[in-house]
Amino acid sequence: MSNRAVSDRSGNSEAIAQAFADGPAYIPYLAVGDPDYESSLEYVEALERGGADLIELGLPFSEPIAEGPTIQGAVVRALEGGMTPDRFFEFVEDLDVDVPLVCMTYYNLIYQWGETEGPRPFVERAAEAGLEGFVVPDLPAEEADPLREACDEFGLDLVFIVAPTTEGDRLDRIMDRVSGYVYVQARLGTTGAQDDVSDQTAASLDRLREYDVPKAVGFGISAGDHAERIVAGGADGIIVGSALVDIVAEGVESNRSTAAVADRLEAISRELVAGAERGSRARSTGDPS
Amino acid sequence: MSEPTPHSMSETTSTTDDDETQRSTAADPADPAASADPTPVPGETGGKFGRYGGQYVPEALMPAIEELTDAYQRYVLENEDGFMDEFRRRLREFGGRPTPLQHAERLSERYDRDVYLKREDLLHGGAHKLNNALGQVLLAKYMGKDRVIAETGAGQHGTATAMAAAHLDMPCEVYMGERDINRQRPNVFRMTLNGATVTPVTAGRGTLKEAISETMRDWAGSVEDTHYVIGSVVGPHPFPAMVRDFQSVVSEEARRQAIETIGELPTDVVACAGGGSNTMGSFAAFLDDETVSLHAVEAGGADLSIDEEAGVAPNSASLYAGEEGVLHGARTKLLQDAHGQIVESHSVSAGLDYAGVGPELAHLVDEGRVIPVAVDDDHALEAFHLLSRTEGIIPALESAHAIAYLEAGTDTEAGTDSEAAGDDGGEPDAAADDSLGETVVVTVSGRGDKDLESVIEETAARDIDGAPDMSAFTEGI
Ligand SMILES: Cc1ncc(COP(=O)(O)O)c(C=O)c1O
C-alpha cells in the first residue's frame, strides 16, 4: 500500500475519523421529516440504538436526480410534511444522539440558504447545529471549491461519491478534495435496495486501495449478508439508505405506530452491524466468505 | 382581447424580497446600466456562460459527459469524419431544410411593420426540434452508442427523437410526464408508430421537469451504451452549447434569407422560450449584429407570481421572473421558492412548461443582449386564433406566444396608458411600437396539430374575440 496522502484536511472532523476507528462503520441514511418531524426524530434515534457509527441525514430537495423511487417517495413525504432547511437545522439540534451526523442534500439548497450568496452561510449554520460533514450528489469535484473552502473554514468534512465509472484523472481530482470518507457507489444507477452485491464494488475498492481515506460502500445494501461480503471485500464502512426508507414507507402504508417502525429500524440495523462484523472477522482471518 | 390594459409585461408579483433588482433588470435589460456585471463564480471550470452553466451532475454521469464533450469537440466543432456534412445533408433530405422565411401579409398590415415568419413548422415532424434530435442521434451513432433516451414535454422533442432514431436505426426510449401524455396524445401515438417506447413519469406534477430528472436517472445507470438526447439548451455542459449549435441552422438561414429578400438585416427577432432551444437557434447567427434586437418570449401562464406555500408558479417565465440557482446540471435562472426548492411551473403550452431555462440565455439576458418578455395564456390563445384565421397557419401554442408579442409589444412604462388592440381592425397596441422596429422576424417554432384538443378546451373556457364557436367540438372531450 502506497498510502497516498489525500490532503492535510482529510480529517477535519474528529468525530467522523472516530466512527471508522474501531471496526467497520455502519452508516444509515434517512430523509429527515419522513413522514413527519416527530416520527423522524424517533427513527434517527432508533438507528443509533441499533449500532450506527455515523448517520447521514437527508435534507429533501424537490429534484433528487440521484435517487431511485424509494428515496424519491421519502422526499415527497418529507416535503409534504413541511420539511425546510431551517426545520432541518432545528431537527439536528433536537436530536438526542452522540454519533456524528452528515448532511446529504443537493447543491441548490446549500447555495440558496442565507443572506449572502454561495455555500458559506449554510455551512456556518450546519456547523452551529452540530453537523460534521456533507455529501452532495450533484456537486462534482470541479464545481466544489467554494463548498470545500467553507467546510475547511468551519471544520466540516466534504464527502464525495466515487462511481464505478470514476477512474484516472477524475479519481485523482476527487481524492484531492475529499475528506472524512469516500462514498463508494456500489453500482451504476440510482439509489434503491438490491438483492445482490455487484462486482463493480470490488473493482472500485481495488482502484481506491492506494488512497488513505476510509471507504464506505453504498447503493443497494439491504441485508446482513451484503454487509458481510462488502466488508470482507475491503470496505471500511457500509451506507444503507433505501432498505431503511422502505421500512418507513411500509409503516406509512400499513399505518404502523411510530414505535413499531422504530423497533424495526433498530432490528435491521443490528442485523446489518452483525453482518459487517462477520465480514470484518473474515477479512482479518483471511477467509473471504 | 377586451382587457384595456396591456398584458405581456404587466405587473410582476415578486418571487422574493430582492425582486426589485431582478425586475429592473428584466424590465429594461437593453439599458447597459441595468444589466448587472456578471461576477464569475470562483473556483469553477468548464462550459460557463458568464456565471451560468457548468456541470452539476452525479459522479456516475461525469465520465459520459466528458466523453460527450470530446465527441462534441471533434465531430461538431471540427467536422471529424465529415459529421457536420452528413448532418446537413440529412437535414436537407430527411428534414426538408431550408425552411422558408415568409412575409406575413395580414400581420404586416395589422401591425404596420413588415412581419416575416421563419417557418420551422414546415420542418419534418412539425417543429424545430428535429434539428437538434437528428444532430444528437447521429452523434450517438458516431460515438458508437447502441441506444438513445430522451425526455419530452409537449412530445415534440420525443417525436423528433423517435423519428431520427427510426431514420438512423437506433432503439429509442422516451420519458414523458403522465400529465403531458394526457394533453399531447397525438404525439404519443407518433412516437409509438416510429418504434419508440414511451415511458410515463408519475413523479411530481408529471411534466417536463420530472421527465428530465427521470431520464437523467436512466442515464446514470446506462451511460456505457446509451446517449441522452436532451431536448433543449439545458443540462450540463456540453449540452447547452451543442444543442444551440444544432439549432443555429434556423438563424443562419433566416439571416441569409433576410438579406436576400429584404436586402438588409431585420430590426428584431422574436422567438418563444421554454428551455430555450428555439430561442438560441433563432438568435445565434444574429448575436453579433448589434442593430438586431432579440426578444425571448416566455410563458406568463396565468399569473407571474410564485405561490411559495403551494410550491407552484402559475407561469414558466424563468428568465423574466426567476432567480439564479442550480437545476438539472446547470446554474441558471429558475422558478424556485425562498428555500431553493424548485416550484411547479405552468403554461397552457406543454412545451414551455419548465421551471428552468438555458444558461446561455440567462447570461445573454444579464448582459442586456436578449430581452425577456412574458405573454400569458389568454393572449397566446388569441394569437393562435389570429394566425390560424388570418394567415392560414395553425401554430403550436408555444409559437403562438411569440406571435402574441407582436400584439402586445413591450409596455414597461410607455405602454400602460396605451390602448391594447381591441377588435379586429382596431389600432394595434401602441406599445409594440416602442419595442419593435420596422422588420420583425418571428420564428414559428412548430405547427399546432398536436394542440388541437387543448385549444378546443381552452378556447371554450374563454371569451376569445374572433375565435370560432367551439361548442360543437367540446362534446366529445
Ligand atoms: C413548437 C415548440 N416550440 C417551442 C418549444 C420550447 O422549447 P425550446 O424553448 O427548447 O425551444 C417546444 C417544446 O416542446 C415546441 O414544441
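The name given to chain B in an unreviewed UniProt entry is Tryptophan synthase beta chain, and the organism recorded there is Halopenitus malekzadehii. The UniProt entry for chain B carries the following text under Subunit (unreviewed entry): "Tetramer of two alpha and two beta chains." What the UniProt record of chain B gives under Sequence similarities (unreviewed entry) is the line "Belongs to the TrpB family."

Under an unreviewed UniProt entry, the name given to chain A is Tryptophan synthase alpha chain, and the source organism is Halopenitus malekzadehii. Here is the UniProt Subunit (unreviewed entry) comment for chain A, exactly as written: "Tetramer of two alpha and two beta chains." According to its UniProt record, chain A has this under Sequence similarities (unreviewed entry): "Belongs to the TrpA family."

Residue and element names in this part refer to chain B. Close to the ligand lie 18 residues, the nearest being S232, G274, G276, N278 and S445. Here an oxygen atom of the ligand sits 2.7 Å away from a polar atom, N or O, in the side chain of S277. One nitrogen or oxygen atom from the side chain of S445 is found 2.6 Å from a nitrogen atom belonging to the ligand. Contact with the protein chains removes 97% of the 390 Å² of surface that the ligand exposes when unbound.

All names here are of chain B. Among the six residues of strand β14 (residues 439-444), six are classified as buried, and the element is accordingly described as predominantly covered. Of the two faces of β14, the one carrying T439, V441 and T443 and the one carrying V440, V442 and V444 are both buried. In the sheet, strand β4 (residues 114-119) pairs with β14 via six bridges, with the strands oriented parallel. Paired with V115 across the strands is V440, a residue of β14. Judged from the three bridges that link them, strand β9 (residues 268-272) and β14 form a sheet pairing that is parallel. Each bridged residue has a counterpart across the sheet, and for V270 the counterpart in β14 is V442.

Conventions and cut-offs
Residues numbered from 1 in each chain as written. Chains lettered and ligands numbered in written order. Predicted model: local features only at pLDDT ≥ 70, side-chain atom pairs only at ≥ 80, totals over all residues. Heavy atoms only, no water. UniProt positions renumbered as here; feature names shortened; annotations may be inferred. Near = heavy atom within 4 Å. Polar contact = N/O pair within 3.5 Å; in protein donor to acceptor, adjacent residues only side chain to side chain. Areas by Shrake-Rupley, 256 points an atom, 1.4 Å probe, with all protein chains shown as cover. Buried < 20%, exposed > 50% of the residue type's maximum accessible area, 1.4 Å probe, protein only. Helix = DSSP H or I, 4+ residues; strand = E, 2+ residues; numbered from the N terminus. Pairing = 2+ DSSP bridges.

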